[in-house]
Structure formats: C-alpha cells, structure tokens
Amino acid sequence: MIEFHLDARSGMAPYQQVVQQVRHALRLGLLVVGDQLPTVKEAATSLTINPNTVSKAYKELELLGLVAARPGIGIFVTATLSNDSLAAHGPLRQSLQRWVTQARRAGLDDESIDALYKECLRSSAAEDVA
Amino acid sequence: MTAVIEANGLGKRYGHKWALSECTLAIPDGKVVGLVGPNGAGKTTLLHLSVGLLQPSAGSISVLGGRPGTTATQLARVGFVAQDTPTRAGFSIADHLRFGRWMNPNFDAKLAEERIESLGLDLRQKAGKLSGGQRAQLALTLAMAKRPELLVLDEPVASLDPLARREFLQGVIAVVADSGTSVILSSHLVADLERVCDYLVVVVNSRVQVAGEIDELLASHHRLTGPRHERAALPRDQQLVNESHTDRQSTIVVRTNDPILDPAWTVEQLDLEDLVLAYMTGAAAQDRRPKLGVHS
Amino acid sequence: MIRLALREFRTEGIVGFALLIALGVLLLVTGIHVVNVNDAFQIACRKAHSCSSTPNPVLTVENPLQHALPLIAMVAPALIGIFIGAPLIAREVETGIFRLSWTQSVTLRRWLAVKLGVVGLASMVIGGLLMWMVDWWLSPIDAVNMNRFGLSSFGYHGVAPIGYAAFAFALGATAGALLRRTVPAMGATLAGFVGARLAVTYWIRPNFASPLYETVPLPINEGGVSFAPGATEAFSPPGVSVSNGWVYSTEAVNKAGHAPTAHYLLNACPAFFNQAPQPPPTGRKSTAGNTGVTLFNNCVDKLSRTIHTLVAYQPGSRFWPFQWAEMGVFLAAAVALCGLTYWWLRRQYA
C-alpha cells in the first residue's frame, strides 16, 4: 500500500501532491493495476489533512482514468501510466546512475546537476523540433 | 446549503467593552472551519456564544437551526471542548465516560471505550494525572462520543507538544472522515489550520474581518508590489486589505475576483499565513471598514 | 443526572455520614449512661416521694458533652453550608469545569435543580439526624431544666434545625455562584448564616405570635430583686421561669401597668435610696452588714403592695407551632436563594 507524504513548502496544493505521488508510484511500478489505495480516512489521518482534500485528489485520479471506486470496498488502480514501465529500462537507469556519480565527483551539487539535466532536456527537445 | 452556524450582527459586551461586535456569518455545514485571530480577539467569545455558555448582548446566533444551549436536544447535537480542556481531576477516565453516558442519552460508550483503548490510555487513571495531550484526547473522546453534528474546539492544541498536537488533529480528521461532522476549531497558529481546515474565519479586534472557503480566499487575495501609489488609485472592485509604503515602494494586499490589469503592479499569490497576517495588520491600522460578506 | 450528582457528592457524603456515625456511636454510649442515671433517680425518688424536692443528678453528670453538644448543634448547619454548599457551584466555576458540565445534553436548569435537590436533601438528612441524636441525648436534662423554648436551646430541638441545614446549604451554593471562588464563598456563608440565625432569633421569632402577659407578685425575702441604691432606674424584679415556655421579659409595674418612677421609689424608701452607693445587696444575708439588708427587705416589703412583676412570655404549648414556623422561614429562604442562584447563572452563562 502506498504511503503519502506532504511537503508543506513545495508550493503545490496538497491535493495535487497526492495526485502526483500516485502518478509517480504508477510510473515506478510501485502501484499496479488492481492495487488498493488507502481509504480517504487512512490517507487523511496519516497526512493530517482534511478528508475533502484526499477525496478531491482521488476524484481527479478517477477523472484521469487511473483509478476507480468500488462502493463499500475501496479505491483501486485501473490503469498504468505508460506501457513501458520504468523498471524495464534497467540499462538506461544504470548509465544515468553512473553519470550522476561522475557529476558529483566533478563537484556539482544537486541544484547544478538538476540545471544541467534540464538544459540538456530543453536543448534536445529544441533539436527534435529543428 | 444549510448553515451550521448563522450569526446576524452578533455581539457580546462586558460592561463597556465589546468582546465581539457586529459578527455576521453563515457557515455551511460539512466543513472544517478554522477560527483564527490574535489572543483576546473574540474567538473564545464567539465559540462560547455558539454553545450556549454566553448570551448575546446584541444580534442573534443560531446553530444547526436552533438557539444554542436552550434545550437538551440542542445541547446533544453540539460537542464542545473548552480551552485548556477542563476535566475533573479526581475522576478517572472511566468515571468521565460514565459521566458522559449519564449526561447524554446519545452517548456511544462503546465508541468511547474503543477510542480510549486505541490511544493506549488506562481507564482507571485519574484525569488529574494525565498529560496535556492525554487530557485533550479524553475531552475530544467525550465530545465526539455524543455523535454530535457539530464539534466546537477552542484552541485545543495550543499548549500541546507537536506529537500530541498531530495526534489530536488526526482524531478530529478521523471523526470528519467517518461521519461528516462539521467542525469549528480556533487557533492562533495558522499552520495547523491550513492542513485541516477548508473554511476560514478571521477575527481581529472583536470583529470578523473575513470569512470564506480557503481555496476561494487564496484565489482571490493578491499581494501587489510596485512604485509608490496613493490609496485612491485602486479600482473600485478591489477591496484593500492591508497596505504598507516606503518612500519608493508600495505593497498592498487586495481582494478581488477580477484580473489585475495595471501593469505597474507585480502580482503575487499569498499563502494562508500571509493572508491572515494581512488582515491582522490591516485591522490594526484601519478604522471602520465595510462589512465583508460571506462567501459560501 | 441524579447518579451524577450523587457521584460528585461522594467524598463529602462519605465524610459527613462517617462523622455522623462516629458521633452517633459516642452519643449512644454516653447517652445511655445519662438515661440510666435518670431512670435510677426516678425510681428512687418516687419511692421516697421526694421527686420535686431532690435535685436530679443528671444535671451534674459532668459529661463534657453536656456543654459541647449545644455548641455542636449550633455549628453543624454552618459547617454544612461551608463544606457542602459553598463548593457546590464555586468549584465548577473556579476550575472551569462548568464548561464541560453545562455543554452536555442536560440544560442548566435541570443540572441545577438536580444538584441542589439531591445535595440539599442529603444536607437536610444529615442535619436532621444530627439534631435528633443531640435531642435524644439531652432530653433527660431538658426534662429537668424545662427550657427547650429558650433563645439558644430552641435552635437544637424539634424540626427547626432541618430548616437551618437547608438554608445554610442554599446560602453556600448561592454564595459560590455569585462569588465564583470557593474560599470567599465559605466566608460569606459563615457570616450570612450567623447573621440570619441572629436576625431570626431576635427579630422574627418573637413575632410569630403575640406574647401572653401575666402579673406575679414581687417576692419578699426570697431575694432576687436587685437594686442599685442611688440609681433608682435599676429596679429589676427577679427572672420568672415558665416551664418549657419562653419568657420575653419581666418588668416591675404598678397597678396601672407603668414602671415605678424614680420619684415614687424615692418617696417609698427614702432611707434606702438615699444611701451612698454600695455594692448592690442580693437580699440574702450578706457580709455588707445587717442595716443594709434590713433596709432593703423593708423597702421591698413596702413596694410589693403596689408593684408587681409583669411577665411577657410564650407558653410551652406554642413550642411546636413555633418550631414549624421557624423551619418554614428558613426553608422559604432556602428556596428563594435557589431561585436567585438559578437566575444569576442563567444571566451569566446560559
């Protein structure tokens, strides 16, 4: 069962964080079709947030077609986010891990690594367009 | 929409001093309402008026459609936890539950016992020997075991350590999740309210400064920074909440549902704490302002 | 709610009844002795036909209880007011626990009615039982003294003490509600109770019924008349006792019903009243010298032809009506105080 957490300083509304965490879990394969999400009560109490916030998040996930409510039983995952689960890209992950280690050894901190990565992403997208 | 608390020009006076004045509210049901304001602003007065521990000096208040405190039925529908959670020091926890059963026909003793057990409390322990957090949990148990439609909590976590505070709020959330009970809780700590509440009432200087759904309030309040402006330069449908000026710069907080078109301003969103602070400082600076309406 | 009131009263109730039982045992044990002494005397004096001339030894039993009990009986209702009445509401308000008690599914009116009713009743029971025990212990002595209607002994006989207990309790509760703190409420209760008892004893009880009047001759050679020679105003006839009755006053009056004037007294006994002031003779043989006593006795003899003693009193037969009236006054005051408490609490809190 997935466990949620809340980042009070992220600037993202709590319900959006919950949605994002479910999507992230789906991408990583931590949640698969048929898994049950925590009940509204469980999620709200563990996060110490208003149950309506959790309901709102679950409703959005429902609208996205990712989950469905089975009345009286709970909320269940009905779809994954992409056909290729990230777990399948073992070699890609390993080379990325190596690159991160290299970058760290070169003295880059997390912020610089992130900036570098984003710039590459952007420029490659620009190249694709061009 | 049925209002869970409805007040019209409500006021309470002690001698010449008004502890609360011209309070007009229509709080919808099914919400967790945060009542926030500085100490002595009138929060406790408002809550006591809503449970029948005080009589209005002016105006009226109706809770769940009835006058607070008047009949046994009315009293049964509202659960109250007072500030500092008073309990009888000489009574054990079990005595308190018995007290609850004897005084409330709707008292769910089984629910109360289960909750006490799940909290790890000993029924035979005397209430005077409990920690602040444990007493708060006992008081909450007594209030919710009545199965009320409205829970009124007066600064329940003010003197609790962070863990006790979290556990108390979790208890409240569990009740809301289970039974859709309306809750109104007061605090002078905004951070607590931000996570748990979806409706906010700000009381400063014995007056309600603003009340509304938190999402709507956050969407409609903006901080504007720009070169020094005079007050008269604001468009009419923007309500000024607070302003501060240096010799070069003006910073104002406004409430408006329309987009802000003046390019001279840099517009920023506020978080809840900033919003409350804006009202607290604004109220201190300004005199009589137009009554802010209620948004449901 | 009744169960709750009893549970909250548990400590005081246990202490109260424990004290009552302890005192009861003590009184039973010592009282039986008094009864035995009396019974033995009655049997002996009837045989010797000397009942009216021989003093009853119960009067000299010398048990310290004989003096302590009237005191206990006076004090007990005040203690009830202070320790049971005053904390009843004061503690609720002082500790803030009223915010819990008055937001349950019981209206303030019902809460107050049950609290006052249950605990008030318990107070009356405790007060009543205590008085009954004291009365039983003192009854052989009272039968001899025949003064149960007297100013102070009236207060620990009959049913009036039940009224005192109820009133003291209600006074305590009201003081607690108005003053909101237990200790000041205790003080106010004590002061108020003492004041009320004094006021009723001296100003109200005498007016329950008009007194009866009777004239009695001045006693000659029996002493008891007192003069202060040279001070002709101080002419007091002896006290007259009415068996089990209550004497308001005795005064010397002439046939027309007026007190003798200084002028008249001087004319009647010039030799006596013109003497230099001396310690007032009691009329009995004294070491002051025979001349003083002879002059005194001659004077009294002369005066008694025109001067008599006028006694204002309540007869013994009115004892019980007075008891019921006194109890009624205090019960009515208790009820009024309860009403005041309710009105005040409503105004303040609910």
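Residues numbered from 1 in each chain as written. Chains lettered and ligands numbered in written order. Predicted model: local features only at pLDDT ≥ 70, side-chain atom pairs only at ≥ 80, totals over all residues.

**A closer look at the overall build of chain B**
Here is step 1: When helices and strands are tallied, chain B shows 9 helices and 13 strands.
Here is step 2: In terms of overall size, chain B behaves like a compact globule, its C-alpha atoms giving a radius of gyration of 21 Å where 296 residues would be expected to give roughly 19 Å.
Here is step 3: Referenced to the eigenvectors of the C-alpha coordinate spread, the extents of chain B come out at roughly 65 × 40 × 35 Å.
Here is step 4: Counting across all 296 residues of chain B, residues that qualify as buried make up 46%.
Here is step 5: In chain B, the share of contacts with a sequence separation of at least 24, taken over all contacts with a separation of at least 6, comes to 70%. (Helix = DSSP H or I, 4+ residues; strand = E, 2+ residues; numbered from the N terminus. Rg over C-alpha atoms; globule rule 2.2 N^0.38 Å. Buried ≥ 20, exposed ≤ 12 C-beta atoms within 10 Å, placed from the backbone. Contact = placed C-beta atoms within 7 Å.)

**Looking at the arrangement of the chains**
Here is step 1: The structure contains 2 pairs of chains in contact, of which chains B and C account for the largest number of contacts.
Here is step 2: The two partners chain A and chain C share no contact, and the minimum distance between any of their C-alpha atoms is 26 Å.

**A look at the environment of His245(B)**
All names here are of chain B.
Here is step 1: Here His 245 shows up in strand E11 (residues 239-245).
Here is step 2: Assessed through the 13 C-beta atoms surrounding it within 10 Å, His 245 is described here as partly exposed.
Here is step 3: For the pair formed by His 245 and Arg 228, sequence separation is 17 residues and the distance between their alpha carbons is 6.9 Å.
Here is step 4: When near neighbours in sequence (up to four residues on either side) are disregarded, His 245 contacts Arg 228 and Ser 250.

**Quick word on the interface of chain A and chain B**
Here is step 1: Each partner contributes residues to the interface: chain A has 10 residues there, and chain B has 13 residues.
Here is step 2: Those elements giving two or more residues to the side of chain A that touches chain B turn out to be helix H2 (40-47) and helix H3 (51-63) of chain A.
Here is step 3: In terms of residues, the side of chain A that touches chain B owes the most to one element, H2(A), which gives 4 residues.
Here is step 4: Residue classes in the side of chain A that touches chain B are distributed as 5 nonpolar, 4 polar and 1 charged. (Nonpolar A, V, L, I, M, F, W, Y, C, P; charged D, E, K, R; others polar.)

**A closer look at the interface of chain C and chain B**
Here is step 1: On the side of chain B, 19 residues touch chain C, which itself brings 16 residues to the contact.
Here is step 2: Elements supplying a minimum of two residues to the side of chain C that touches chain B: helix H1 (2-8) and helix H4 (98-101) of chain C.
Here is step 3: Looking at the side of chain C that touches chain B, its residues break down into 8 nonpolar, 6 polar and 2 charged.

**Some words on the packing of helix H6 (residues 160-179) of chain C against helix H11 (residues 319-348) of chain C**
All names here are of chain C.
Here is step 1: Here H6 crosses H11 at 15°, and the two axes come no closer than 8 Å. Judged by the inter-axis angle, H6 sits roughly parallel to H11. Every pair of crossing elements has a handedness; the one defined by H6 and H11 is left-handed.
Here is step 2: For the contact of H6 with H11, the residue count by class is 21 nonpolar, 4 polar and 1 charged. (Axes fitted to C-alpha atoms, helices over the stretch in contact; angles between N-to-C directions. Parallel < 35°, antiparallel > 145°, perpendicular 65-115°, else oblique. Left-handed = near helix turned anticlockwise from the far one by under 90°.)

**Re helix H5 (residues 132-145) of chain B**
Each α-helix turn comprises 3.6 residues. Residues three or four places apart therefore point the same way.
All names here are of chain B.
Here is step 1: When the terminal C-alpha atoms of H5 are compared, their 20 Å separation across 14 residues agrees well with the 20 Å that a helix rising 1.5 Å per residue should span.
Here is step 2: Counting buried positions along H5 yields 13 of 14 residues, so the element is predominantly enclosed.
Here is step 3: Following H5 by one or two positions, Arg 147 adopts a phi angle in the positive range, close to 55°. (Expected span 1.5 Å × (residues − 1).)

**Quick word on the sheet that holds strand E1 (residues 36-37) of chain A**
Pairing between the strands of a sheet is mediated by backbone hydrogen bonds and can be parallel or antiparallel.
Residues and elements named next belong to chain A.
Here is step 1: Strand order in this open sheet of 3 strands is E1-E3-E2, and the pairing throughout is antiparallel. If you trace the sheet from one side to the other, it starts and ends with E1 and strand E2 (67-70), each paired once.
Here is step 2: Lying over the sheet, H3 contacts E2 and strand E3 (74-77), oriented at roughly 115° with respect to E2. (Pairing = 2+ DSSP bridges.)

**Focus: the pairing of strand E12 (residues 249-255) of chain B**
Residues and elements named next belong to chain B.
Here is step 1: Of the strand pairs in this sheet, strand E10 (residues 221-227) and E12 are connected by 7 bridges, and their pairing is antiparallel. Within the sheet, the bridge partner assigned to Pro 227 lies in E12 and is Gln 249.
Here is step 2: Pairing analysis gives 6 bridges linking E11 to E12, with the strands arranged antiparallel. Counterpart to His 245 in the pairing with E12 is Ser 250.
Here is step 3: Here E11 hands over to E12 after 3 residues, the two strands then running antiparallel side by side.

**Here we look at the environment of Gln238(B)**
Residue and element names in this part refer to chain B.
Here is step 1: The topology assignment puts Gln 238 in the loop between E10 and E11.
Here is step 2: For the pair formed by Gln 238 and Ser 220, sequence separation is 18 residues and the distance between their alpha carbons is 9.9 Å.
Here is step 3: Each residue touching Gln 238, except ones within four places of it in the same chain, is listed here: Val 254 and Thr 256.

**Points about helix H3 (residues 64-95) of chain C**
Here is step 1: The sharpest bend along H3(C) measures roughly 45° and falls at Pro87(C).
Here is step 2: A positive backbone phi angle near 80° is found at Gly96(C), which sits one or two residues after H3(C). (Bend = angle between axes of the 7 residues up to and from the residue.)

**Thoughts on the packing of H3(C) against helix H7 (residues 182-204) of chain C**
All names here are of chain C.
Here is step 1: One can describe the packing of H3 onto H7 by two numbers: an axis separation of 8 Å at closest approach and a directional angle of 145°. As H3 packs across H7, the resulting crossing turns out to be right-handed. Residue-level inspection shows Pro 77, Ala 78, Gly 81, Ile 82, Gly 85, Ala 86, Pro 87, Ala 90, Arg 91 and Glu 94 of H3 in contact with H7, the latter providing Thr 182, Ala 185, Met 186, Thr 189, Leu 190 and Phe 193.
Here is step 2: The class makeup of the residues in the contact of H3 with H7 is 10 nonpolar, 4 polar and 2 charged.

**Quick notes on the domain arrangement of chain B**
All names here are of chain B.
Here is step 1: Domain boundaries assigned for chain B yield domain 1 (3-204) and domain 2 (220-285).
Here is step 2: Centre-to-centre separation of domain 1 and domain 2, based on C-alpha positions: 35 Å.
Here is step 3: Domain 1 puts 7 residues into the contact, and the matching count from domain 2 is 6 residues.
Here is step 4: At the level of secondary structure, the elements contributing two or more residues to the side of domain 1 that touches domain 2 comprise helix H7 (190-196) and strand E8 (199-204).
Here is step 5: Among the elements that make up the side of domain 1 that touches domain 2, the one with the highest residue count is H7 (3 residues).
Here is step 6: Residues of the side of domain 1 that touches domain 2, tallied by class, amount to 6 nonpolar, no polar and 1 charged. (Domains from an automatic or database assignment.)

**Concerning the sheet that holds strand E4 (residues 246-253) of chain C**
All names here are of chain C.
Here is step 1: Reading across from one edge, E1-E5-E4 is the order of the 3 strands in this open sheet, with antiparallel pairing throughout. The open sheet terminates on both sides in strands that have one partner only, identified here as strand E1 (212-217) and E4. Each strand of the sheet is rotated relative to its neighbour by a mean of 25°, with strand direction disregarded.
Here is step 2: The pairing of E1 with strand E5 (residues 308-314) spans 6 bridges and is antiparallel. Opposite Val 216, over in E5, you have Thr 309 as the bridge partner.

**Things to note about the confidence of the model for chain B**
Residue and element names in this part refer to chain B.
Here is step 1: The pLDDT averaged across chain B works out to 87; a share of 94% of its residues lies at or above 70.
Here is step 2: For chain B, the element scoring lowest by mean pLDDT is E11, at 79; strand E6 (residues 150-153) scores highest, at 96.
Here is step 3: Interface confidence in the predicted complex, given as ipTM, is 0.87; pTM for the same model is 0.82. (pLDDT = per-residue confidence, 0-100.)

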